[in-house]
Amino acid sequence: MDDSNRIILLSALQHYAYCPRQFALIHIEQAWEDNRFTAEGNLLHKRVDAGVSEQRHNIRSERGVLLESRQYRIKGKMDLLEIEQGDPPRYFPVEYKRGKPKVEDWDRIQLCAQALCLEEMRNAIVDEGALWYWEVRRREHVAIDGALRQVTQESIAGAHKLLDSCKTPPPIADKRRCRACSLRNLCEPDLFRRDQTQAYIRKLFDA
Ligand code: SF4
């Protein structure tokens, strides 16, 4: 079902990038289960949202900024937007995360999607942003470059396509990711993989 009015939440893109099955369980099947990681993440975002806007020298900081892109059909909220006064002004999005920096692009994709929204809403170019990690208490600067834009646009398109299909895909192969997943109990990836293996063996002998 192609729903051209559907809008995907920015936070959902991170689910899709982490595991398309997790994305489908949450956003198609409406399944959710909090674990320690998600509870800590919610608490962190509440604290960040509670902050007030402020001006320091030539930089204005705005918190909990609402975002939307009609082109990509995505929307959400930005933790922190730093605006360096100038002509034109420079926009610098900052997203807060509870964990630590990751090799994979999951968090960077969400940040880049924020940048895409900002560019559309403020008619600006956003070339850099940052992820702030609670566990290590530091910022990771992220270039919003061509490669990140491409992987982000692919994730957005993939997430819309998956919602159109209304079908939950099978578990991913990366078992380490499953061990840290908040939906592991609902997903039952090992059971699913075992069933698939048994079905495959049955097919071999039936052939
Ligand atoms: S348990 Fe694994 S396959 Fe299942 S949703 Fe989580 S990451 Fe995806």
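Residues numbered from 1 in each chain as written. Predicted model: local features only at pLDDT ≥ 70, side-chain atom pairs only at ≥ 80, totals over all residues.

Participant: How would you sum up the packing of helix H4 (residues 106-122) against helix H5 (residues 146-165)? Please name residues and give values.
Facilitator: For the pair H4 and H5, interaxial distance at closest approach is 9 Å and the crossing angle is 90°. Relative to H5, H4 is oriented roughly perpendicular. When H4 is examined against H5, the residues Arg-108, Ile-109, Cys-112, Ala-113 and Leu-116 are found in contact with a partner set consisting of Leu-148, Arg-149, Val-151, Thr-152, Ser-155 and Ile-156. Partitioning the contact of H4 with H5 into residue classes produces seven nonpolar, two polar and two charged. (Axes fitted to C-alpha atoms, helices over the stretch in contact; angles between N-to-C directions. Helix = DSSP H or I, 4+ residues; strand = E, 2+ residues; numbered from the N terminus. Parallel < 35°, antiparallel > 145°, perpendicular 65-115°, else oblique. Contact = placed C-beta atoms within 7 Å. Nonpolar A, V, L, I, M, F, W, Y, C, P; charged D, E, K, R; others polar.)

Participant: Please set out the site of the ligand residue by residue, giving values where relevant.
Facilitator: Around the ligand sit 13 residues in total, of which Cys-19, Pro-171, Cys-178, Cys-181 and Cys-187 are the nearest. Among the elements of the structure, helix H2 (20-27), helix H6 (175-179) and helix H7 (184-187) are those that each provide at least two residues to the shell around the ligand. Considering each element in turn, the shell around the ligand owes the most residues, three residues, to H2. The residue inventory of the shell around the ligand, partitioned by class, reads nine nonpolar, one polar and three charged. (Near = placed C-beta within 6 Å.)

Participant: So what about unusual backbone geometry? Which residues, and what values?
Facilitator: Where the residue is not glycine, phi is negative for most of them; where a peptide bond is considered, it is trans in most cases. In the segment running from Asp-87 into Pro-88, the intervening peptide bond is cis, with an omega of 5°. Structurally, Pro-88 is set in the loop between strand E4 (74-84) and strand E5 (90-97). We note that Cys-166 has phi near 60°; this positive angle belongs to a residue other than glycine. Structurally, Cys-166 is set in the loop between H5 and H6. Judged by the 10 C-beta atoms lying within 10 Å of it, Cys-166 falls in the exposed class. (Buried ≥ 20, exposed ≤ 12 C-beta atoms within 10 Å, placed from the backbone.)

Participant: Can you break down the pairing of strand E6 (residues 128-133) residue by residue, with the values?
Facilitator: The pairing of E5 with E6 spans four bridges and is classified as parallel. Residue pairing for E6: Glu-95 is matched across the bridge by Leu-131. After leaving E5, the chain enters H4 and then returns to the sheet as E6, a path that is right-handed. One ladder, built from six bridges, connects E6 with strand E7 (residues 138-143); its direction is antiparallel. Along E7, the bridge assignment pairs Leu-131 with Glu-140. In textbook terms, the turn of a hairpin is the stretch between consecutive antiparallel strands, and for E6 and E7 this stretch comprises four residues, one of which, Arg-137, has a positive phi near 50°. (Pairing = 2+ DSSP bridges. Right-handed = clockwise from strand over helix to strand, strands pointing away.)

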